[in-house]
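Listed below, chain by chain, are the residues.
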Amino acid sequence: MRDDALDTALERVERDGVPLAMDPATVALRSRLVREHLVRFDDERGSYVLTQTGRQRLALRRTPAPPPGTVTPFRRPSGRKG
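Residues numbered from 1 in each chain as written. Predicted model: local features only at pLDDT ≥ 70, side-chain atom pairs only at ≥ 80, totals over all residues. Heavy atoms only, no water.

**What about helix 2 (residues 24-35)?**
Part 1 of the reasoning: The end-to-end C-alpha distance of helix 2, which contains twelve residues, comes to 16 Å, matching closely the 16 Å that a straight helix rising 1.5 Å per residue would cover.
Part 2 of the reasoning: Residues of helix 2 that are buried in the fold lie against helix 1 (3-16), strand 1 (39-42) and strand 2 (47-50).
Part 3 of the reasoning: Where helix 2 ends, the next residue or the one after it, His-37, has phi of about 60°, a positive value. (Helix = DSSP H or I, 4+ residues; strand = E, 2+ residues; numbered from the N terminus. Expected span 1.5 Å × (residues − 1). Contact = heavy atoms within 4.5 Å.)

**A short note on unusual backbone geometry**
Part 1 of the reasoning: The backbone phi angle of His-37 is positive, close to 60°, even though this residue is not glycine.
Part 2 of the reasoning: Locating His-37 in the fold gives a position in the loop between helix 2 and strand 1.
Part 3 of the reasoning: Under the relative-accessibility criterion, His-37 is labelled exposed at 55%. (Buried < 20%, exposed > 50% of the residue type's maximum accessible area, 1.4 Å probe, protein only.)

Quick look at the structure:
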């Protein structure tokens, strides 16, 4: 499956959870999301919720990439010299 489909599924989980449909495409996508630790089933809500890893992946997708050819400066972590 393409990463676009995976990211779209993460957005759907964030919005309203993953349906418990049993069609093969949904089952395969849900299995991949769980296997990659992007979602987990929340018993109290009765639906899937994003994990921290899933939230980070969505945040990276939503962050615009710099235009091609842009030079980004390297910065050392603060407090370290050398």
